[in-house]
Amino acid sequence: WYQFAADGTIIIDLVHADISFIYCFKRQLEVRRPSNNITLISFNRADIRTELMCHGGEGYYYAELFDRSGTMVQRDFVGADIVKKYKSGDTLSFRNCEARCVSITKFDDFELIEPEFRMRYFEGTAIVGKLFGRKGMGERTLRWQIDPQTGQGTMEAVESMLVNGVAQKTHVFEWSGPSF
């Protein structure tokens, strides 16, 4: 975990899984995954989410650009753009033999579904993620939440054992947004 004082950027690295979360205050959240697959969530642009994906072993990239009106543009930088409509309840942006995808709740409310983590973007009011511990390693799940408007955030460790049906959380740390 890194926080840069100059601009309030926060980076959470999962070194064992080759995954990084890079939050830039009031601009964007970038999620980098294995094989150079990237999700870019913009806070102040018409395109709320851009997926940049490497097409299998063929070595070429394509992009999916999603806007707040339910339109997705698929661009491979070679052929003509493909424009599609999407709706609530759709699951899109499949990667790695469909082990990774994005579930759409609303146009600006969606969840990244991955084997190592889940991350949900709540209509620009909160970004919440769960980083799963590695199986057989005795690691706890980490839960983090960022307010994209203020940059404030918290991280908690979540025990796998429930007590009276409630997951037990331990406060790990919190951070405030930049002070400029």
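Rules behind the numbers
Residues numbered from 1 in each chain as written. Predicted model: local features only at pLDDT ≥ 70, side-chain atom pairs only at ≥ 80, totals over all residues. Heavy atoms only, no water. Helix = DSSP H or I, 4+ residues; strand = E, 2+ residues; numbered from the N terminus. Buried < 20%, exposed > 50% of the residue type's maximum accessible area, 1.4 Å probe, protein only. Contact = heavy atoms within 4.5 Å. Areas by Shrake-Rupley, 256 points an atom, 1.4 Å probe, with all protein chains shown as cover. Pairing = 2+ DSSP bridges. Salt bridge = Lys/Arg side-chain N within 4 Å of Asp/Glu carboxyl O. Core = buried A, V, L, I, M, F, W, Y, C linked by side-chain atoms within 4.5 Å.

(A) A look at the overall build of the chain. A count of helical and extended segments in the chain gives 0 helices and 17 strands. Burial status across the chain gives 43% buried among its 180 residues. For the chain, the share of sequence-separated contacts (at least 6 apart) that also reach a separation of at least 24 residues comes to 24%. Just so you have it, the chain exposes about 9800 Å², and 53% of that area is on carbon and sulfur atoms.

(B) A look at the pairing of strand β12 (residues 109-113). Bridge count for strand β11 (residues 100-106) against β12 is 5 bridges, and the pairing is antiparallel. Within β12, the position partnered with V102 by the bridge is L112. A loop of 2 residues connects β11 with β12, the two strands running antiparallel in sequence. Where β12 lies against strand β13 (residues 117-122), 5 bridges are found, and the strand directions are antiparallel. The residue of β13 that forms the bridge with E111 is R120. Linking two consecutive strands that pair antiparallel, namely β12 and β13, is a turn of 3 residues.

(C) Region of interest: the pattern of salt bridges. The full count for this structure, using the stated rule, is 11 salt bridges. With a closest N to O distance of 3.3 Å, K87 and D90 form a salt bridge. We note a salt bridge from E116 to R100, for which the minimum N-O separation is 2.8 Å. Pair noted here: E116 is in the loop between β12 and β13 and R100 is in strand β11, with a separation of 16 residues, a long-range link. Both residues of the pair, E116 and R100, count as buried. A single salt-bridge network, built from bridges that share partners, covers R33, R49, E51, R95, R100, E114 and E116.

(D) Spatial organisation of the nonpolar core. Within the largest apolar cluster, 30 residues are counted, with the highest numbers of intra-cluster contacts made by F21, L29, F117, M119 and W144. Looking at this core, the elements that each hand over two or more residues are β2 (10-14), β3 (19-24), β4 (28-32), β11, β12, β13, β14 (126-131) and β15 (141-146). Look past the residues within four positions of M119 in its chain and what remains in contact with it is F21, L29, V31, I41, F110, E111, L112, I127, V128, G129 and W144.

(E) Spatial organisation of unusual backbone geometry. You will see that F77, though not glycine, has its phi angle at about 65 degrees, which is positive. In this structure, F77 sits in the loop between β8 (71-75) and β9 (82-85). A positive phi angle is found at S93, which is not glycine, with a value near 55 degrees. Note on S93: relative accessible area 4%, which makes it buried.

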